[in-house]
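Structural overview for review
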Amino acid sequence: MVPIFAVIFLLWSVILRPQLWPNSVSDLGRPEAAVALASLIATQCLLVVVCFVLGRGIGGVVGFKPVLPFFLPATLSFLSVPLSRLVWNPRVMAENAGFDPLLHEIAVPPDDPKILAADMLAQVMALQDEVSEEVVQQHLSAIAVHVDPVLIRQTLGDAVAGRQATPAGIKALIVHATDPAVCDLLSGSAYLDQAFAAAGRDPDLLTLFARRCVIAVEDDPDLVHDCPAAGAVVRAAQQTLDPDARDSLNRLAGLLDQARAAQRARG
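So, a few notes on the structure that sits alongside this text. Only a predicted model underlies this, so the values are computations on that prediction, with no experimental measurement involved. (Residues numbered from 1 in each chain as written. Predicted model: local features only at pLDDT ≥ 70, side-chain atom pairs only at ≥ 80, totals over all residues. Heavy atoms only, no water.)

Some remarks on a nonpolar patch on the surface
Together, Met1, Val2, Ile4, Val49, Phe52, Val53, Leu68, Phe70, Phe71, Leu72 and Leu76 line one region of the surface with nonpolar side chains, adding up to about 980 Å² of accessible area. Within the residue set of the nonpolar patch, elements represented by two or more residues are α1 (2–16), α2 (31–62) and α3 (71–87). Within the secondary structure, Leu72 is located in helix α3. For Leu72, a relative accessible area of 32% corresponds to the partly exposed category. (Patch = residues over 30% accessible without salt bridge, like charges linked within 9 Å, V, L, I, M, F, W, Y side chains within 5 Å. Areas by Shrake-Rupley, 256 points an atom, 1.4 Å probe, with all protein chains shown as cover. Salt bridge = Lys/Arg side-chain N within 4 Å of Asp/Glu carboxyl O. Helix = DSSP H or I, 4+ residues; strand = E, 2+ residues; numbered from the N terminus. Buried < 20%, exposed > 50% of the residue type's maximum accessible area, 1.4 Å probe, protein only.)

Okay, structure coming up:
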C-alpha cells in the first residue's frame with residue numbers, strides 16, 4: 001500500500017501545491033530543479049511510511065485491527081484530493097487569511113527611502129478613522145526605525161497638502177509632530193504649527209493636537225516658537241462647538257501666551 005499512497009500524496013501536492021513543481025519539462029534539466037523535485041518526492045514517501053508505522057503501532061498497542069478491504073482507504077484518500085481542491089484555492093486562501101507560507105513572496109525593501117516611506121505610511125493612512133493615538137504611535141515608532149523623521153513629516157505633509165490624507169493620516173501627522181523626540185529633532189521648523197493647520201476644524205483632531213501640544217510645551221517651553229500663534233488657537237476655540245475641544249484649545253492658548261511672555265522677559 002505504500003507505493004499507492006505515495007502516488008496519492010504526490011498527486012495531492014501537484015494539485016494543491018502546484019508552485020512546488022516545475023513549470024515545464026525543460027525546467028527538469030536544471031540541477032536545482034531536479035534536486036528540489038527529488039527532495040519533494042522523498043519527503044512525501046517518507047510521510048507515507050511514517051503514517052503507516054504510526055497506524056500499525058497504534059493498532060498493535062491497543063490490539064485493534066479493523067477488517068477493511070485494502071482498496072477502501074486508498075479510494076477515500078484518492079477522492080479527498082479533488083474534494084480538497086474544490087474548497088481550497090491556495091491563492092484565494094492567502095488573500096483571505098492573509099498569509100500562506102508556501103505562496104508568500106518576501107518583499108524586497110525599495111532602495112528609494114521616499115518610496116519606502118510612502119509604502120509604510122500608506123498602511124497608516126488605511127487605518128480606521130477612529131483609530132486611537134496609541135495605535136498610531138505604535139505604527140509611527142515602528143516606521144521610525146526604517147525612515148527618517150524628516151521624511152515621515154514630508155510624506156504626511158504632502159498627503160495633507162494634496163488633500164489625499166485620511167483622518168488617520170492627519171492624526172498620524174499630529175501625533176508625529178507632538179512626539180517629544182520629534183519635537184526636539186525638528187525644533188525650529190514650525191512642525192507644530194503645521195500640525196495645527198492640518199487639524200482644520202475637526203474637534204477630535206483639535207483636541208488631540210491641543211492636549212499633546214500642551215504636554216510638549218510644558219516639557220520644553222522653547223517649542224513655543226514652533227507652535228501656532230495664541231490668537232489663532234483662540235479663534236479655533238471660538239469656532240468649535242465641542243466643549244472638550246474648546247477647553248483644550250483655550251488651555252493651549254493660555255500656555256502659549258505665558259511661554260512667549262516668559263521668553264520676552266528673559267530677553
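A closer look at the packing of aromatic side chains
Taken as a whole, this structure holds 2 aromatic pairs when the rule is applied. Between the aromatic rings of Phe5 and Phe52, the centroid separation amounts to 5.5 Å while the plane-to-plane angle is 80 degrees, which identifies the pairing as edge-to-face. Here Phe5, found in helix α1, pairs with Phe52, found in helix α2; they are 47 residues apart in sequence, far enough to count as distant. Classification of Phe5 as buried rests on a relative accessible area of 11%. With a centroid separation of 5.6 Å and an interplanar angle of 45 degrees, the aromatic rings of Phe196 and Phe209 are classed as tilted. In this pair, Phe196 sits in helix α10 (residues 191–199) while Phe209 sits in helix α11 (residues 203–219), placing the two residues 13 residues apart along the sequence. Classification of Phe209 as buried rests on a relative accessible area of 0%. (Phe/Tyr/Trp six-rings, centres within 6.5 Å; stacked < 30°, edge-to-face > 60°.)

Side note on α10
Those residues of α10 that fall on the buried side of the exposure criterion are Tyr191, Leu192, Ala195, Phe196, Ala198 and Ala199. Down the axis, α10 shows its buried residues gathered within 160 degrees of arc, on one side only. Elements that come into contact with the buried residues of α10 comprise α7 (149–161), α8 (167–177), α9 (180–185), α11, α12 (230–239) and α13 (243–266). Trailing α10 by a residue or two, Gly200 shows a phi angle of about 65 degrees, which is positive. (Arc of directions from axis to C-beta. Contact = heavy atoms within 4.5 Å.)

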